[in-house]
Amino acid sequence: MGRWLRRRQVQSALNTGLVVAGPVLALLTYVVVGPLGFGASSNVLRFVLLLDLIFVLIVASFVMRQVARMISARRA
């Protein structure tokens with residue numbers, strides 16, 4: 001799986017997916033919290049917030065991976 005994730009095409013597809021998912025999740029969160037006004041105990045709100053958390057964790061892992069690569073390259 002590691003070799004598969006290192007391919008340029010796979011990385012490009014993942015990056016494109018994240019770029020598209022960001023605004024979609026932001027709009028979805030706004031709609032659920034704002035105009036639709038689901039209650040605080042709503043399962044829909046919990047699901048959307050879980051998706052937001054997963055998105056943030058994935059983006060943070062990509063950023064940390066790039067930072068580790070830069071540090072490694074600088075030491076080499």
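Residues numbered from 1 in each chain as written. Predicted model: local features only at pLDDT ≥ 70, side-chain atom pairs only at ≥ 80, totals over all residues. Heavy atoms only, no water.

## Things to note about the overall build of the protein chain
Across its full length, the protein chain carries 3 helices and 0 strands. Burial statistics for the protein chain: of 76 residues in total, 14% are counted as buried. Surface summary for the protein chain: the accessible area is close to 6300 Å², and the carbon and sulfur share equals 69%. (Helix = DSSP H or I, 4+ residues; strand = E, 2+ residues; numbered from the N terminus. Buried < 20%, exposed > 50% of the residue type's maximum accessible area, 1.4 Å probe, protein only. Areas by Shrake-Rupley, 256 points an atom, 1.4 Å probe, with all protein chains shown as cover.)

## Quick look at helix H3 (residues 43-75)
Look at H3: 48 Å from first C-alpha to last across 33 residues, which is about the 48 Å you get at 1.5 Å a residue. For H3, every residue scored as buried is listed here: Leu45, Val48 and Asp52. Near the N-terminus of H3, the side chain that reaches the backbone nitrogen of Val44, with its oxygen 3.2 Å away, is that of Ser42. (Expected span 1.5 Å × (residues − 1). Polar contact = N/O pair within 3.5 Å; in protein donor to acceptor, adjacent residues only side chain to side chain.)

## Some words on the packing of helix H2 (residues 8-33) against H3
One way to put it is that H2 packs onto H3 with a least axis distance of 10 Å and a crossing angle of 145 degrees. You can see that H2 and H3 cross each other, and the crossing is left-handed. Of the residues in H3, those in contact with Gln11, Leu14, Asn15, Leu18, Ala21, Gly22, Leu25, Leu28, Thr29, Val32 and Val33 of H2 are Val44, Leu45, Val48, Leu51, Asp52, Phe55, Ile58, Val59, Phe62, Arg65 and Arg69. When the residues that make up the contact of H2 with H3 are grouped by side-chain class, the tally is 15 nonpolar, 4 polar and 3 charged. (Axes fitted to C-alpha atoms, helices over the stretch in contact; angles between N-to-C directions. Left-handed = near helix turned anticlockwise from the far one by under 90°. Contact = heavy atoms within 4.5 Å. Nonpolar A, V, L, I, M, F, W, Y, C, P; charged D, E, K, R; others polar.)

## Considering a nonpolar patch on the surface
A cluster of nonpolar side chains, namely Phe47, Leu50, Leu53, Ile54, Leu57 and Ile58, defines an oily patch on the protein surface of about 550 Å² accessible area. As for its position among the elements, Leu50 is in helix H3. You can call Leu50 partly exposed: its relative accessible area is 43%. (Patch = residues over 30% accessible without salt bridge, like charges linked within 9 Å, V, L, I, M, F, W, Y side chains within 5 Å. Salt bridge = Lys/Arg side-chain N within 4 Å of Asp/Glu carboxyl O.)

## Observations concerning the side chain of Thr29
Within the fold, Thr29 resides in helix H2. With residues near it in sequence (within four places) discarded, Thr29 still touches Gly34, Val48 and Asp52.

## A short note on H2
Counted at 1.5 Å a residue, the expected span for H2 with its 26 residues is 38 Å, and the 37 Å between its end C-alpha atoms agrees. Within the sequence span of H2, burial applies to Val10, Gln11, Leu18, Gly22, Leu25, Thr29 and Val32.

## Digging into the confidence of the model for the protein chain
Do not read the fine detail of predicted coordinates wherever pLDDT is low. When pLDDT is averaged across the protein chain, the result is 86; 89% of the residues are at 70 or more. Ranking the elements of the protein chain by mean pLDDT puts helix H1 (residues 2-6) last, at 63, and H3 first, at 93. (pLDDT = per-residue confidence, 0-100.)

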